[in-house]
Amino acid sequence: MRTKLSLPFAFTRRAAFMAVALTVAPAHAAAPIHVVEPSDPTASMQWHLDAMRALEGWATVKDLPSTATTLAVIDANIELGSPEMQGRTVTGWDFRFDQPYPTAWILGSSAHGTLVASLAAANTGNNFLGAGVAGPTSAVKVMPLRIVDQSDLCATGLRSDDPTRTQTIATATLRALDYAIDRGAKVINMSLGSLTTPLTAEPFRAVMQKARDRGVLIVTASGNEGIDHDRLASEDLVSIHVYDPADPDAPGSTATTGKDGCLSSVAGSYSKFSGDLTAGERTKWQNGTVEDITVDGKPYKRRYVTAVPRGTRSYPGAFSEAPFNFDNIVVVTGSNQAGGRWKAPCPGTPEEARTRICGGANYGTYADVVAPSEGVIVTAQVIPGTPGTWSSQSGTSLGSPMVAGAAALLRSVRPDLTPQQIKAAMLHGVSDANLRTGNIAPSDVFSVTRMLAAAGIGVADPRPPASSGSIDAPIWNAATRTSTFTDDVTSDPGGSITKRDWTFVDAEGRTTRATSTGASTSQSFPLNGPVTTTLKVTDNAGNTRTLRPVTDSVYGARRDVVKLRLEGAQPYVLDGDLLSGNLAASQVNLQKTVKGTGTMRNLAGQTVTVTVDVKTNLLGGNASGTVEVRDPVRGTLTLTVSSATMTRDTATDAMAVKRTGLTGTFTGLDLSVRDTDD
């Protein structure tokens, strides 16, 4: 059972969990894995996927039989119309307004819920925004359960303008838990929490016991106050709060309008445990002092108040502690990109900042695992039918669904495991002491492959070729008329890279394949235009990684021929081709092919100017005509010209030379126009 009483007891408890995991017979032998980087546009920025070894985890279970597993997400509204959720949900309920779950997009209602659900189980590889930690499996489904509206929330918690709101949401949460359990959810994510007393949390005992009895694993966030949870047992958390007295929600405000229940903090605010207060701060706290101060020339107030009284616990995470002691709860604290604990910086000198608290991941004896929670790339569909947006956000609300998605993935391939065994696999290899003290190390960060290995699937560290590599833009060699492609995958933790398999697909769907042992290959393509390149890298252990495809424009091996046609009565010759015309004056003799202005790509619907060099014995006058690009593969692309003016060169008398700009609109193909003599 989880307890805060003593370190030895905590170690004993974790050792007991490990014994459960180690008695699980290996279900599948380790084998080389094939990692495919998802095509989702923001997946390359989702650093948490690499930190948690998520892609390797997906590859490990890809070919295993799976069982449908429901992951209930108790949160704000989830945008079910988003492509990220299409086909990934089962029927849920809106307990905030006691109605069927809304399927229509609701302005401002879906930010928190949508990003939480997406981090857990968004469609992966659908070329839309990001990827969910549960990966491309179709076995994991989200049950959306709404217990709070976005309008209920301030930046740091519930709005305070409605005294009934807290009870309404507590009741909705109880009903949502009951609904999820009765309808077969095996994992529940709760990226929410309340700092309250065990007595206040007592009404939840029955439903939490029901979840345990029914074999349901509950994953929850540790909280974002940045505090040592164990110290709350015997100390108060004191807020040194700087605020704008003009805020309608400020203490003592007589405003009758503008109140929204969200009193904001100003730079310079921080918290401290009562045991860390200086003598002056303690006196001001005990006296309830409110000071007048100036920040950047503007008047503000600073108050010393009890933010969280001693004896408070953070629920639902603290349901793993006495007096409840439920062992089916996983509490997720947060890490930064360096693998340490996520915490916000505080004002003051280094010595002052040492005891000040300005937010971050809560830690302590109740924390079980640590997951990425700072600078996480989250995605949302802001308006129906739009491509969506992404942003970087922080909070343990983000780490919790990552872990819940991974738990659901394990449950889908090992449905025989109990919540206690799944939890044991999750805790494998994590330092209990580090989570208790908040001194998180990179090795403590939750690993999907480590969890799977503890459950007898694969190995903890399959170590495929490095995931940080990419394919560089090709370099054109005019002499050989080839494009050289290079990758920057330079490391393989498990050994050495032995082979690279390249696949190139041009705009017409023609596929070219090549194999190299080095980091580059040179290819010749028949066409100018876009080429999509995919690279699979293999190491000496047989592990592979397929890098995210890239598309670049390349030159083709053959030359495009640009020609000018003028209307006239007599035929004329261009580069050996007999062309007919209807020129009113005399025969036109084009002695040199025209010159293009350089590379032109993606020209459909765009205006393009081509400069030509015309030599003719025409004595003067106007002529209309066309510029054509002769393509030996795709035929002729025509650029219509309204007119071209020819003038006599009096210096030569026999020849008229005119450089003229011909402008028109391409209506179809992509190409590069170059002089045939290049």
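Look up a bit, the structure's there.
Quick caveat: nothing in here was measured; it's all calculated off a predicted structure.

Notes on the sheet that holds strand E22 (residues 520-523)
What links the strands of a sheet is backbone hydrogen bonding, and the strands pair in either a parallel or an antiparallel sense.
Right, on to step 1. Here we have three strands laid out as an open sheet, ordered E18-E19-E22, and antiparallel in their pairing. Every interior strand has two partners, whereas the edge strands, strand E18 (475-477) and E22, have only one. Each strand of the sheet is rotated relative to its neighbour by a mean of 25 degrees, with strand direction disregarded.
Right, on to step 2. Of the strand pairs in this sheet, E18 and strand E19 (residues 482-486) are connected by three bridges, and their pairing is antiparallel.

Brief notes about the layout of surface pockets
Right, on to step 1. Approximately 340 Å³ is the volume attributed to the second largest pocket.
Right, on to step 2. Looking at the lining of the second largest pocket, the element that brings in the most residues is helix H9 (residues 350-355), giving three residues.
Right, on to step 3. Split into classes, the residues belonging to the lining of the second largest pocket amount to nine nonpolar, three polar and seven charged.

Some remarks on helix H5 (residues 165-182)
Right, on to step 1. The terminal C-alpha atoms of H5 lie 26 Å apart, and with 18 residues this matches the ideal 26 Å at 1.5 Å per residue to within 8%.
Right, on to step 2. Those residues of H5 that sit buried are Arg165, Ile169, Ala172, Thr173, Ala176, Leu177, Tyr179, Ala180 and Ile181.
Right, on to step 3. Where H5 ends, the next residue or the one after it, glycine 184, has phi of about 90 degrees, a positive value.

A few points about the packing of aromatic side chains
Right, on to step 1. Scanning all chains against the criterion turns up 10 aromatic pairs.
Right, on to step 2. Ring centres 5.5 Å apart and planes at 75 degrees place the aromatic pair phenylalanine 95 and tyrosine 179 in the edge-to-face group. Of the two residues, phenylalanine 95 is situated in the loop between strand E3 (93-94) and strand E4 (99-100) and tyrosine 179 in helix H5; the sequence distance between them amounts to 84 residues.
Right, on to step 3. Overall, the relative accessible area of 7% leaves phenylalanine 95 in the buried class.
Right, on to step 4. Residue tyrosine 179 is classed as buried on the basis of its relative accessible area, which comes to 12%.
Right, on to step 5. Pairing tryptophan 502 with phenylalanine 504 gives two aromatic rings, centres 6.2 Å apart and planes at 5 degrees, and the pair type is stacked.
Right, on to step 6. A relative accessible area of 1% places tryptophan 502 in the buried class.

Quick notes on the pattern of salt bridges
Right, on to step 1. As enumerated under the stated definition, the model contains 29 salt bridges in all.
Right, on to step 2. Arginine 146 serves as the salt-bridge partner of aspartate 149, at 2.3 Å between the closest nitrogen and oxygen.
Right, on to step 3. Given a relative accessible area of 10%, aspartate 149 falls into the buried group.
Right, on to step 4. Between lysine 210 and aspartate 182 there is a salt bridge, with the nearest N and O atoms lying 2.8 Å from each other. Here the residue lysine 210 occupies a position in helix H7 (residues 205-213), and aspartate 182 occupies one in helix H5, the gap between them amounting to 28 residues.
Right, on to step 5. Connected through shared salt-bridge partners, Asp178, Asp182, Lys210 and Arg214 make up one network.

Analysis parameters
Residues numbered from 1 in each chain as written. Predicted model: local features only at pLDDT ≥ 70, side-chain atom pairs only at ≥ 80, totals over all residues. Heavy atoms only, no water. Pairing = 2+ DSSP bridges. Helix = DSSP H or I, 4+ residues; strand = E, 2+ residues; numbered from the N terminus. Axes fitted to C-alpha atoms, helices over the stretch in contact; angles between N-to-C directions. 1 Å grid on protein atoms, 1.4 Å probe; cavity = no way out; pocket = protein on both sides within 12 Å on 5 of 7 lines; lining within 4 Å. Points joined across faces, edges and corners; volume = space filled by probe spheres on them. Nonpolar A, V, L, I, M, F, W, Y, C, P; charged D, E, K, R; others polar. Expected span 1.5 Å × (residues − 1). Buried < 20%, exposed > 50% of the residue type's maximum accessible area, 1.4 Å probe, protein only. Phe/Tyr/Trp six-rings, centres within 6.5 Å; stacked < 30°, edge-to-face > 60°. Salt bridge = Lys/Arg side-chain N within 4 Å of Asp/Glu carboxyl O.

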